[in-house]
Every structure is written in C-alpha cells, then in structure tokens.
Amino acid sequence: MPNSDYTMYVIAHTHWDREWYAPFQHFRIRLVRLMDKLLHLLEHNLDYTHFSLDGQTVLLWDYLEIRPENKSRLEKYVSAGRLGVGPWFILPDEFLVSGEALVRNLQLGHRIAAEFGHVQKVGYIPDTFGHISQLPQILRGFDIGTAMHFRGLDETGLRSELWWESPDGSRVLLRHLPTYAGYTSAAVLSADLQAAASDLESLAREEARRATTPILLAMNGMDHMEAREDLPALLREVTARANGLTAVQSSLEEYFAALEDAVDSMDNRKGLSLQVVRGELRDTNRTPNRRVMRVLPNILSSRIYNKMQNERAQTLLERWAEPWSALMWTQGEEYPTSLLWKAWEWLLKNHPHDSIGGCSVDAVHAQMETRFAWATEIATQITAERHHLLAKQINLSALAEDEVALVLFNGLAWDWEGVVTVDLDLPVIFLERWAVARVPQPPEEITPEMDFVDIYRWRPHIEWAGNPPILPDPSFKGLHLCPLADDADETNDEIPLQIESLSRMIVSHPPGSGISVGEVVRARVCFHARVPAYGYAVYGARPDPKPNKYTIETHPHNVLENEYLRVEIRSNGTLTLTDKTTGEVYTDLCHFEDGGDSGDGYNYSYPAEDRVYNTLGLSPRFSRLADGPAVQRYRLDYDWALPCGLDDQRRRRRETTVNCPLSVIVSLAEGSRRLDIEITFDNRAHDHRLRVLFPSDVPVDVSHSEAQFDVVAHPVCPEPVGPEVWVEDAPVTFPQQSWVDVSDGTRGLCIVNQGLPEYQVLDTPRREVAVTLLRAVAHLAAGSEMQTALNGAGPGMPTPEAQIQRRLTFRLAILPHASVWDEAEVWRQAHAHNVPPQAITVERTAWRQGDRPASASLLRVEGHNAVLSAVKRAEQEDALIVRLYNPSAEATRAWVTLPTHPTAVWRAGLDETVRDQEKPLPVEPDRRVQVTLGPKQIVTLKITG
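These remarks concern the structure in this document. Residue numbering note: each chain is counted from 1, following its sequence as written. Predicted model: local features are reported for residues with pLDDT of at least 70 only, side-chain atom pairs are reported and counted for 80 or more only, and whole-chain, interface and lining totals are derived from all residues. Values shown for side chains rest on all heavy atoms present in the structure; no hydrogens or waters enter the calculation.

### Considering the overall build of the protein chain
Note the following rule: Strands are runs of DSSP state E lasting at least two residues, helices are runs of H or I lasting at least four, and both sets are numbered from the N terminus onward. Radius of gyration here is computed from C-alpha atoms only, and the compact-globule reference equals 2.2 Å multiplied by the residue count raised to the power 0.38. For each residue, the accessible area found with a 1.4 Å probe, counting protein chains only, is set against the maximum for its type, and the residue is called buried under 20%, exposed over 50%, and partly exposed in between. The contact rule is simple, with two residues in contact once any of their heavy atoms fall within 4.5 Å. Note on areas: Shrake-Rupley with a 1.4 Å probe; residue coverage comes only from the protein chains shown.
Each helix and strand in the protein chain was counted, giving 16 helices and 44 strands. For a compact globule of 945 residues, the expected C-alpha radius of gyration is about 30 Å, and the protein chain comes in at 31 Å, within 12% of that figure. Judged by the C-alpha coordinates and their principal axes, the protein chain covers about 125 × 65 × 50 Å. Per-residue burial for the protein chain yields a buried fraction of 60% across its 945 residues. Taking the contacts inside the protein chain whose residues are at least 6 apart along the sequence as the reference set, 76% of them involve residues at least 24 apart. As displayed, the protein chain has an accessible area near 35600 Å², and 49% of this comes from carbon and sulfur atoms.

Here is the structure:
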C-alpha cells in the first residue's frame, strides 16, 4: 500500500435482476433460497454485520409472498441496520420511464423500507444503462445526497469520487464504480482465506490509484450471488496483516458517511476539491482494458411494443387517473389511493432495466404485457368513474328531450382549443325513443277537412293495412352538436361535425352510472371544441335521419391545407409541407428506411453486408378518408417487399423477400399547427430495423429532446471511440420522451412521438430526423458477429418473439415552427398530441339535477415554459400535490389557479415533506398562487385546506 492508512469498506450484496435470462418465478425460487440462508446467517453469526439487497424493496414483497412467516425477522434486521433496503422499489431504467415514474418508484421504495424499519438513503444505481440529467435533483428531492453508479461515464482522467450536478445546480456525492468490474470488484475473491486476503490487498492498491481520500470501497457481490459466510474472518485476516489497510464490513450508508467526512476534511485544505460531472451520463468506455462498462444504447428500441404500452399506462395514470381523482377529492369525493397504487405497482414492476429495456427472454416480455394491461385497466376505470361523478354534478336542464350530453374532459393544464376526435355513445333505448317521437302516428279516421296530402299519406295505412302501429327506424345519418347553455333559455350555434364511423356494440359502464352494460351506437365524431384547463365542457348532441351537410373548401386530390399548413402528398408517398406563417418548406418528409439488424436485445448492428431499403422509389395507393370542416385525412398504402431475414451466418440479408404491408394516415385538423401521422406496419420480416425519416434541412450540430423534467441537447456527430479502447460504438441514437427538435433560431422542425423513445439526427446535409419504429432481432445476446459492439452483453439465448411478428400502429406528428424549441414551447403541441380530450355520453334523465355550469376549469397553470408534471393527493396527509418544472435554461414564473381556496401552500420536496426553512406562499383572492421556477428546476407544491 502507499505510505498512508486506508480503510476499505466492504459491501456484501447481491445484484438482483428480478427477471432477465429467466422469468420472474424462476428467479424468485433462487431469491427464496438466498434469503433463507441469509436470515440464518444473520441470526447465527453476529460478526456478519450487514448485507445489502441491491437498493430495492420489491425483493421483500417477493420473498414474503412465499415466506410470510419471516416478516418479523426481516423487520428485525432492517431496523438494526444489518439488512440494507431501499430507497428504490425496483432499480429502473431511467431513460425509458417518465420522471413521475421515477418519483413514484422512490416514494414506494421509501414507504416499504420505512415499514420494515429503515430506509437506506443512498442513490444506488449500480447497473442502469446510463443516467438522466436530473437524477441528482430527484435524489435531493428525497433528501438523498449520495449516489453510486457504474455505466455511462468513462473513467479516463476521473477520480472515483465526484460531484454530480443536475442542470439546476443540485449535486450529489457520486461514487463512480470501476469500469473494469462495476459492482462486482470483490466478487471473485479466492475461496481460500489467505489467497482471498491477498486478493483484497491487491484490490485496495487498485482502488487507491483513483481514490481522492483514504476511504476505499470493495463490492462483495454480483448477479444473484449469495452471501459469503466467512467474510468477517477474511476481513480480520486482511486487517491483521498490519500493512496500512483496515478492512471493515459495511453498509452503503456507513461507507458514504465516512467518505463525506473525508471529503469535508479535504475541502478544508486549500486548493483541494472533487471533480464535477454534469447532466446526462450516457457515454461508452474510452479507457484501455475496460470491457465491462457498456451503455448498451439500443435498448431504447428493443421490444418497441412494450415501450408503447408503457407510455399509454403512464399517460393514463399521470394525466388522467391521478389528477382527476385528486381534483374530485377536493370536491368531496373519495380518493382511490389503494387502486392507484396497485396500478403503479404493476407498472413499476415492468421498469427494471432488463424488463423495460426489452433485453430479456420472451416469457418476461409476455408477462409484462399482462402487467401493462392491468395498470391500464385500473387507470382507465378510475378515470371513467371520476368523469361520471363530475357529470352527475352538472346542470343539464338546458338539454332538450331529443338530445344527449357529450361531456369533454381536458387532461392539460391549459385550455384546449382545436379539433377533437371522440366516441359519442348513443344508447339504443334513447335512439328508439327518439325514433318513436319523430314519427307521427296516423289519425283514427280520414275526414273531409283534412289536407289531400295527408289523405294521400294516411289512407293506405288505415284502409289497406288495417292501421297497424308504425315501427320507426332508430338508425340515423346525421348528428347535430352545439355547446350546452347554462340556461334553458340560452341558445348556442351549431358546430360543424364529421362522422368518421358508426358501429353498434355492447359497452360496460362504471359503477354509479345506473347500469352495468348497455347497447349503444358508437359514433366516432370530429369537431372543433373548447375545453377549459383541467376542466370540462358539455355539448348537446341529437341524431338526425338526414346526413350532415357542410360547405368545405375543395383541395387538389393530394393536398391538405388549413390556415397554418399546406401539405402536398407526392407520388412516392413523401410529404412536402409548407409552413404558411414562416414560408419555410420541408420536403421528402415521412419516408421509410429498412436495414438489416444482426444485433440483439441490447445492440443494433448492421450486418457485415447490409442492404438498406427505402420507400422513395415506391408508389403507394392513395385514398381520401375525410375532407370535412374539421379534419382532412388521407391514407397511403404500400406493398413493401423486404428481405425475409439474415442468412445462416448473419452476415447479409437474404434474397427471398416477404411482403410487409405499410399504411400511413395523414391528418390535418382545422386550426392545427401540426400534421398528425398514424403508421401501421405488419411486420413479417426478421432481423431488421425500420425507421421513419423527416429531412429537416436545418444546419445544426445538436438536437434537443424532451427528457425527464428536462430538455437535453445531443450532438449530431458524437466523438467516435478509438480502436484501441473499442468495446462498442459511441451512441449515435438518443433517448426522447414525447418529442425531438432541430432548429437554428429561424427554421425549426419538431417531431412528436407517442411511445417511441429512440431517435437519431443523421449526419447528412439534410439533417434527417430518424425515429426508430422497431428492431426485430433473434437473440437476447448476439455473438461476435456484430459490427457495433465487441460481443453480446448477456447469455446468447434465442428470443424468437423479439422478431416482433405482429401488426403495430405508431403515432407521430410534424410541427414546423420559427425560433427555437423553448421560445416556441413545442412541448405544448407534443403534450396536446399525446393527451387529447376524453369524452363520456350521458342522458339528462339518468342523473340527478346538479348545479355545476356547463363548462368550468378545476385547475390551471399559466406561465412560459411552466410544465405541469403531477396532480395527486399527498401520501401521508390530507393535502393536494401539484408539481411543476421548468425545462428551459431561463428562469420563469407560473401562476397556478387551484380548485379550492387553500389554507396554506408550501414548497415541498419530491418526498412531499416541507423543509424547515420554507414559508407558505401567498394566495390571491382568485385562488391563484405565483411560483418562481429557476432554470431547469422542479417545484412541488403542497396545498392544505
């Protein structure tokens, strides 16, 4: 050892992938065996002071489902600090889930750990495939000031101990695990005690090489590894050698407490301080002889169907079920805490990095689909119930006898104004009553005083047919719609409406709606609506036997146009878009590129001899679906012959082709600044990657994409990795939440997506934005034939379902704009695209008479780049939680209009705790609260009363 005294803190642990190269139940059997032995060890060897359960708490639940009798034993050792659990529920992939999902993960992890006696307050993230920019701020929101990580940061020139800063300036003390071993540095010690002691001494010398203090770290564990029972004896042997090294068995918290003391002491010495790393950590290895640390960037596009299912479940929970439950709770209704958390539990169990990453065996991803479905079903039902509860309180007295009420709900914090496409469910019973009412009955007899037209009309019924009852037809051809007035004497103008489809079906109704199931005629309708921020608006709808007629502006057969955009569909299916507000023209938009993929669940790799196909030379079939006053819509159908797969050596694509039907529906709504696109692809080919491309012609070196509580810049041309250190290519594809943008201050193009987390801006003169639609691969981990990585990152197991032989529908939008993303607030259009209004249909006779007006807002947020992230009830008390963030680099202010006048409004942490120094914010008489948001800052408001 060097001429100094060092203390090595040895952390005994297991890294627990809940599901990965085997499904959950297989790993649970191993978990039960590990925990049984561990509890016996802790009970019978008091020298064995601590074991860490990987920063997770779900393992406690998984174990106790099989061994419920051992709960008190677990509580004993967690409370005593001998078993480390939390702060997470599960170890998540950070890029593939929402910011709110990360917050709920930590909230649930804290709750469970606290119930067992102690929360391990360390941001333990040992194996996640890179890290988001705002994680330090998120951890600080839970009063966590330390973190330990492995991937996403090359160690060249860096010490082991660093400050890691979020863009708002929040920082945590980061322990950067060695990139040659990660969390397994002391996992391969000899079974022989003397040899193992020598191994630890050698490890200490390696650790001291990068250490900034005398506090060293050894991680005694690896994937699914059981406890080494002779560890205390081994550490005594190391210490007894009197070579300047003391080895102690430790917890993560004890290690960081010692490290923080050492850093404080170092900082007090003039000129000494830790290095600082900032923001997103997603680079690959650039250091010789470090083959373990890889960021595995293309998990972003593996099993894309799981990604889209995740986005849907998150959106339903975060934008609909939680906010509307909270808003109705402020109006006196029950808050469904247990149901909401059950939905979150199912969803969070899909968020481990190997699960949501799409890099597990087929059984894992099949089971994930069930969990996604359960989370979605709960969120959908809760939302419907809250909407019906509110509808019961609305005054529908202005509704005519032949009308039903269409109630629209807004899931955004600002007023919705634009075209909505919703289902109007007309009960068959209502239609039959309407039909009877509109058909006059024949008179009992013909009299001379009657008009001859009536005589001509009714004599056949009376004399020839014996005056049978007339059976009216309940079908209809048209619908009339107008905003409902607050008073029966008021009238509103009728709104032009398009009927997209009509179908008869049986639907279920939420509890409290009067009936459980009923037969309806479902009309898919489009019209221009106005719905207040997090509020509702009621429209009266009545059927008509005559079809809707409207005057429309005619367009050429291949053109869509409104007041903001003109779109021409070219003969090859590409789009030429003119932004009429700026005069900028974008050409060749929305063409497709398909290349071979010899990679695996972790990595995209082009085959050694690739052939890349595109649709630029194809001629799709055109069909016009709608050309009405609300929406113009075209469909393009391609017959696309693609290679059926790779050859047996996986070096080239086969000559044999298979037809993969591809359809594109292009929609332009009245008053819309964006062009909506729906792509359906029937994947019948193997071993390939499909992307959709949007040439921007914007000469930029960086793109910007939405991230968790942030917007992050990514380079168009990342620095390549040198051949002498290469284990994988530097990432050229990047994560996005709901949008990516390229702009030069004058010309800007934003591509909105729904559940498609991977994009690339191509290094070509045209700067095409390429969004990955799917990757179809054959293995969990490939061999050495990949061109983009040295070898596979896991077992080389076949995963035939990763070939995604299914029909998928993708939703995107094109948004041209002037200036840059933050000035244009492109996120508003992206969120509006992904959170359109929802609707329910009610009859006046089905409800008690309420007193709510026909349109109202329950919550509103105003302010430039003030983004609403969460509305929910507080976890521990009767308080409303409203969370905002500012994704821009400039400070801003927000004005929040609350649903009721509060007793007090406080700033709180993400853990919903009000810090001691905080003072309540002033509330204006109109229930408005002003909030200052610093650059990139997350602010949580806790509202009582």
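What follows continues from the structure just given.
### Thoughts on the environment of Leu-668
As for its placement among the helices and strands, Leu-668 is situated in strand 25 (residues 657–669). Residue classification places Leu-668 among the buried positions, given a relative accessible area of 0%. Here the alpha-carbon distance between Leu-668 and Gln-107, two residues 561 residues apart in the chain, equals 41 Å. Aside from chain neighbours lying at most four places away, what touches Leu-668 is Leu-560, Glu-561, Asn-562, Leu-565, Ala-630, Val-631, Gln-632, Arg-674 and Leu-675.

### So, helix 9 (residues 304–330)
This is how it is decided: Expected span, for any helix, means 1.5 Å times one less than how many residues it has. Consider a residue and the seven residues that end there alongside the seven that start there; fitting an axis to each set, the bend is the angle between those axes.
For helix 9, built from 27 residues, the straight-helix expectation of 39 Å at 1.5 Å per residue is met to within 8% by its first-to-last C-alpha distance of 38 Å. Along its length, helix 9 reaches its greatest deviation from straightness, about 35°, at Leu-317. Counting buried residues along helix 9, 24 of its 27 residues qualify, which places the element largely inside the surrounding structure. Count one or two residues on from helix 9 and you reach Gly-332, which has phi positive near 100°.

### Let's talk about the pattern of salt bridges
Here is the rule we go by: Salt bridge, as applied in this entry: a Lys or Arg side-chain nitrogen positioned within 4 Å of an Asp or Glu carboxyl oxygen.
Evaluated as defined, the whole model comprises 72 salt bridges. The partner of Glu-237 in a salt bridge is Arg-241, with the nearest N and O atoms 3.7 Å apart. Owing to a relative accessible area of 21%, Glu-237 belongs among the partly exposed residues under this scheme. Ionic contacts of the salt-bridge type, sharing partners, join the residues Glu-155, Glu-206, Arg-209, Arg-210 and Arg-290 into one network.

### Description of the nonpolar core
What counts here: Grouping buried Ala, Val, Leu, Ile, Met, Phe, Trp, Tyr and Cys residues that are joined through side-chain atoms within 4.5 Å yields what is termed a nonpolar core.
Core analysis: the largest hydrophobic core is formed by 194 residues, its most contacted members being Leu-200 and Phe-527. Sequence-distant contacts of Leu-200, that is, excluding residues within four places in its chain, are made with Met-8, Ala-186, Leu-189, Ala-218, Leu-234, Leu-235 and Val-238.

### Some thoughts on helix 6 (residues 193–210)
Put simply, the test is: N or O atoms within 3.5 Å of each other form a polar contact, as long as, within protein, one can give a hydrogen and the other can take it, and as long as residues adjacent in sequence are counted only when both atoms are side-chain atoms.
Relative to the 26 Å expected for 18 residues at 1.5 Å per residue, helix 6 spans 26 Å between its end C-alpha atoms, a close match to the ideal helical length. Inspection of helix 6 places Ala-196, Ala-197, Leu-200, Glu-201, Leu-203, Ala-204, Glu-207, Ala-208 and Arg-210 among the buried residues, and these make up the whole buried set. Buried-residue contacts for helix 6 involve strand 1 (6–12), strand 6 (161–165), strand 7 (171–176), strand 8 (215–220), helix 7 (231–240) and strand 9 (245–250). Capping the start of helix 6 is the job of one residue whose side-chain oxygen sits 3.2 Å from the backbone nitrogen of Gln-194: Asp-192.

### Let's talk about the sheet that holds strand 9
Note: strands within a sheet are paired through backbone hydrogen bonds, in either parallel or antiparallel orientation. Spelled out, the test is: Strands qualify as paired when DSSP identifies two bridges or more between them. Note on definitions: angles span 0 to 180 degrees between N-to-C directions of axes, and those axes are lines fitted to C-alpha atoms, for helices only across the stretch in contact.
Within the open sheet, the 3 strands sit side by side as 8-1-9. Their pairing is parallel. Both edges of this open sheet fall to strand 8 and strand 9, since each of them pairs with a single strand only. When strand polarity is set aside, the average angle formed by the axes of neighbouring strands in this sheet is 25°. Inspection of the sheet shows strand 1 paired to strand 8 by 6 bridges, in the parallel sense. Bridge pairing in strand 8 links Ala-12 to Asn-220. Here helix 6 sits on the sheet and contacts strand 1, strand 8 and strand 9; the angle it forms with strand 8, its principal contact strand, is near 130°. Those strands touched by helix 7 are strand 1, strand 8 and strand 9, and its axis lies near 160° from that of strand 9.

### Remarks on the sheet that holds strand 22 (residues 613–614)
Read across the open sheet, the 6 strands follow the order 22-21-27-34-33-30; overall the sheet is antiparallel. Across the chains shown, the open sheet's two edge strands, defined by having one partner strand only, are strand 22 and strand 30 (734–735). Direction of pairing for strand 30 relative to strand 33 (residues 758–761): antiparallel, over a ladder of 2 bridges. Across the sheet, the residue bridging to Pro-735 is Glu-758, located in strand 33.

### Here's the deal with the packing of aromatic side chains
The following threshold applies: Classification of ring pairs uses Phe, Tyr and Trp, with its six-membered ring standing for Trp, and accepts pairs whose centres are within 6.5 Å; under 30 degrees between planes counts as stacked, over 60 as edge-to-face, and the remaining range as tilted.
Tallied over the full model, the rule gives 17 aromatic pairs. Ring centres 5.1 Å apart and planes at 80° place the aromatic pair Tyr-21 and Phe-27 in the edge-to-face group. By relative accessible area, which is 1% here, Phe-27 ends up buried. Centre to centre, the rings of Phe-452 and Tyr-456 are 6.3 Å apart; their planes meet at 45°, and the pair counts as tilted.

### A few points about the pairing of strand 26 (residues 675–682)
Burial analysis of strand 26 places 6 of its 8 residues in the buried class, the great majority of the element. Pairing of strand 25 with strand 26, which is carried by 6 bridges, proceeds in the antiparallel orientation. Paired with Ser-667 across the bridge in strand 26 is Asp-676. Turn length for the strand 25-strand 26 hairpin, with the two strands adjacent in sequence and antiparallel, is 5 residues, and the turn residue Gly-671 shows positive phi of about 75°. Across 8 bridges, the pairing between strand 26 and strand 35 (residues 807–819) is antiparallel. Each residue of the ladder has a partner; that of Ile-679, found in strand 35, is Phe-810.

### Overview of the environment of Trp-416
Inspection of the secondary structure puts Trp-416 in strand 12 (residues 416–427). Counting along the chain gives 116 residues from Trp-416 to Pro-532, while the straight-line C-alpha distance between them is 6.2 Å. Separated by 3.4 Å, the side chain of Trp-416 and the backbone oxygen of Gly-418 make a polar contact.

### Considerations on the packing of helix 10 (residues 337–348) against helix 12 (residues 362–391)
For the record, the criterion: Roughly parallel covers angles under 35 degrees, roughly antiparallel covers those over 145, roughly perpendicular covers 65 to 115, and oblique covers all other angles. Throughout, a crossing is termed right-handed when the near helix is turned clockwise from the far one, and left-handed when it is turned anticlockwise from it by less than a right angle. Side-chain classes are defined by residue name, with Ala, Val, Leu, Ile, Met, Phe, Trp, Tyr, Cys and Pro counting as nonpolar, Asp, Glu, Lys and Arg as charged, and the others, Gly among them, as polar.
Packing of helix 10 against helix 12 brings their axes to within 8 Å, and their N-to-C directions diverge by 155°. Relative to helix 12, the element helix 10 lies roughly antiparallel. The two elements helix 10 and helix 12 meet at a crossing, and its hand is left-handed. For the pair helix 10 and helix 12, the contacting residues are Leu-339, Leu-340, Lys-342, Ala-343, Trp-346 and Leu-347 in the first and Arg-371, Phe-372, Trp-374, Ala-375, Ile-378 and Ile-382 in the second. The residue inventory of the contact of helix 10 with helix 12, partitioned by class, reads 10 nonpolar, no polar and 2 charged.

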